[in-house]
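The chain contents come next:
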Amino acid sequence: MSRWAVLPAELDPRVRQLVVRLRRLKDHSGLSLRQLAARTGYSPKSWERYLGGRSLPPPQAVEALARIGGEDPTRWLALREVAAEAWGNGRGEAPAADAPTLEAAMPEATTTAPEILTAGAGAGAGAAAEATAGGARSPTRSLRVALVAGAVALVLAVSSTVLLAVRLLGAAGETAAPLAASAASAPASSSQSAPAYACRVERIDGRWYAGISPTRGAVLANGHAGPEVAEAQCLLRRAGISPGGIDGIFGPLTEAAVRRAQQRAGLVVDGIIGPHTWKALRR
């Protein structure tokens, strides 16, 4: 069992949850970081950042580790998606995913967003040549040059986006008033069309159903919305645990209720609804 360093205190709980689970999966595999790198194509340094909470792992890395541990990648990719949203909201945009090898660092750094391919082509090509020429001298220098090129390309992409937005705003000046009126009326119309869910709880073949969704395996977490969330809220209320309103929105109250239900059922308390939590709610 590895002795892991303490994760950064400012790490979002959803990102922390992903990192902790990846650490457990890595420990369960029995692989060292070097062996893990050989099996997944991502360098040991990259895995140190992923498992240390300093960098968000790309989906391919999460999927590769899940398959090594004999897990279904779907659940892990869902956890990674939730963590990516939290990372973007709490710590700025998620950093560019690490390339599988050090030599691929330059393409990875210049493809963080589709716009960078066009806006930063000149800067990326020049830096790529310098990185190739200096690779024999120092891999660290090559990586540093690649990262600088990616930053330059990103600045160019943002500048192009701002200029395009200014032009579009200028062309739409005559329609600004109608758009403002539409925006003012939007909250009223959206509140009127918001879905209303009614719990019709009944027991069928030894399982509880609320009449909204029959799912028994959908992976739900904080930030999700839809009929599956409403179904879970109804089942939580049936179990005597209040999730707040039956609105189909997985918010803090619903997450707290899920954690209480998981603790009561003796499951892993992570606030995420998966097959095991569904089974506990329906029995």
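Residues numbered from 1 in each chain as written. Predicted model: local features only at pLDDT ≥ 70, side-chain atom pairs only at ≥ 80, totals over all residues. Heavy atoms only, no water.

1. Brief notes about the overall build of the protein chain
(1) Moving on: Within the protein chain, the secondary structure is distributed over 13 helices and two strands.
(2) Moving on: Within the protein chain, the proportion of its 283 residues that are buried is 35%.
(3) Moving on: Excluding contacts between residues fewer than 6 apart, the proportion of contacts in the protein chain whose partners are at least 24 apart in sequence is 53%.
(4) Moving on: Total accessible area computed for the protein chain in this model is approximately 15,800 Å², and 58% of it derives from carbon and sulfur atoms. (Helix = DSSP H or I, 4+ residues; strand = E, 2+ residues; numbered from the N terminus. Buried < 20%, exposed > 50% of the residue type's maximum accessible area, 1.4 Å probe, protein only. Contact = heavy atoms within 4.5 Å. Areas by Shrake-Rupley, 256 points an atom, 1.4 Å probe, with all protein chains shown as cover.)

2. A few points about the nonpolar core
(1) Moving on: Residues Val 15, Leu 18, Leu 22, Trp 47, Leu 65 and Trp 76 are the most contacted members of the largest nonpolar core, which totals 26 residues.
(2) Moving on: Those elements giving two or more residues to this core turn out to be helix H1 (13-29), helix H3 (44-51), helix H4 (59-68) and helix H5 (73-91).
(3) Moving on: Examining the composition of this core, we find that six residues originate from one element, H5, more than from any other.
(4) Moving on: The contact partners of Trp 47, leaving out residues within four places of it in the chain, are Leu 33, Leu 36, Ala 37, Thr 40, Tyr 42, Ala 61 and Leu 65.
(5) Moving on: Ranked by size, the runner-up nonpolar core spans 13 residues in total, among them Val 258, Ala 261, Ile 273 and Leu 281. (Core = buried A, V, L, I, M, F, W, Y, C linked by side-chain atoms within 4.5 Å.)

3. Focus: the pattern of salt bridges
(1) Moving on: Counted according to the given criterion, the structure contains six salt bridges.
(2) Moving on: Arg 75 is the partner of Asp 270 in a salt bridge, and the nearest nitrogen-oxygen pair spans 3.3 Å. Taken together, the residues Asp 270 in the loop between helix H12 (252-265) and helix H13 (275-282) and Arg 75 in helix H5 connect sequence positions 195 residues apart.
(3) Moving on: Looking at Asp 270, the relative accessible area reads 4%, which means it is buried.
(4) Moving on: Glu 255 is paired through a salt bridge with Arg 259; the nearest N and O atoms lie 3.2 Å apart. With a gap of four residues between them, Glu 255 and Arg 259 both fall in helix H12, about one helical turn apart.
(5) Moving on: Several salt bridges converge on common partners, so that one network encompasses Arg 21, Arg 75 and Asp 270. (Salt bridge = Lys/Arg side-chain N within 4 Å of Asp/Glu carboxyl O.)

4. Description of H13
(1) Moving on: Taken together, the buried positions of H13 are occupied by Thr 277, Trp 278, Leu 281 and Arg 282. For H13, the arc enclosing every buried residue in end-on projection is 130°, short of the 170-degree limit, so these residues lie on one face. Opposite the packed face of H13, turned more than 90 degrees from it, sit the exposed residues His 276 and Lys 279. (Arc of directions from axis to C-beta.)

5. Quick notes on H1
Since the α-helix turns once every 3.6 residues, residues separated by three or four places project in the same direction.
(1) Moving on: For H1, which comprises 17 residues, the first-to-last C-alpha distance of 24 Å matches the rise-based estimate of 24 Å (1.5 Å per residue) to within 8%.
(2) Moving on: Within H1, the full set of buried residues consists of Val 15, Gln 17, Leu 18, Val 19, Arg 21, Leu 22, Arg 23, Leu 25, Lys 26 and Asp 27.
(3) Moving on: You can read the cap of H1 off the contacts: a side-chain oxygen lies 2.9 Å from the backbone nitrogen of Arg 14, and it is on Asp 12.
(4) Moving on: Just downstream of H1 lies Gly 30, where phi reads positive at about 75°. (Expected span 1.5 Å × (residues − 1). Polar contact = N/O pair within 3.5 Å; in protein donor to acceptor, adjacent residues only side chain to side chain.)

6. Some remarks on the confidence of the model for the protein chain
Interpretation of this model should avoid reading the predicted coordinates in detail wherever pLDDT is low.
(1) Moving on: Of the residues in the protein chain, 64% reach a pLDDT of 70 or more, and the chain-wide mean stands at 76.
(2) Moving on: Within the model, pLDDT remains below 50 along residues 91-97, and this stretch shows 16 contacts once partners closer than five positions in the same chain are excluded.
(3) Moving on: This stretch, residues 174-192, has a pLDDT under 50; its non-local contacts, to residues over four places away or in other chains, come to zero contacts. (pLDDT = per-residue confidence, 0-100.)

7. Some words on the environment of Arg 200
(1) Moving on: With respect to the element layout, Arg 200 can be found in the loop between helix H10 (176-193) and strand E1 (202-204).
(2) Moving on: At a separation of 3.1 Å, a polar atom in the side chain of Arg 200 contacts the main-chain carbonyl oxygen of Gly 211.

8. Concerning a positive patch on the surface
(1) Moving on: On the surface, Arg 207, Arg 216, Lys 279 and Arg 283 cluster together to form a positively charged patch.
(2) Moving on: Note that Arg 216 resides in the loop between strand E2 (207-209) and helix H11 (227-238). (Patch = residues over 30% accessible without salt bridge, like charges linked within 9 Å, V, L, I, M, F, W, Y side chains within 5 Å. Lys, Arg positive; Asp, Glu negative; His and termini not counted. Charge placed at Lys NZ, Arg CZ, Asp CG, Glu CD.)

9. Examining the packing of aromatic side chains
(1) Moving on: For the coordinates displayed, the defined rule picks out two aromatic pairs.
(2) Moving on: Ring plane angle 65° and centroid distance 6.4 Å describe the contact between Tyr 42 and Tyr 50, whose orientation is recorded as edge-to-face. Just as Tyr 42 is buried, Tyr 50 falls in that class too.
(3) Moving on: When the centroid spacing of 5.3 Å and the interplanar angle of 80° are considered together, the rings of Trp 47 and Tyr 50 count as edge-to-face. With Trp 47 and Tyr 50 both in helix H3, this residue pair falls three residues apart, about one helical turn. The exposure classification of Trp 47 matches that of Tyr 50, with both residues buried.
(4) Moving on: Each member of the aromatic cluster is reached from another via a ring pair, and the members are Tyr 42, Trp 47 and Tyr 50. (Phe/Tyr/Trp six-rings, centres within 6.5 Å; stacked < 30°, edge-to-face > 60°.)

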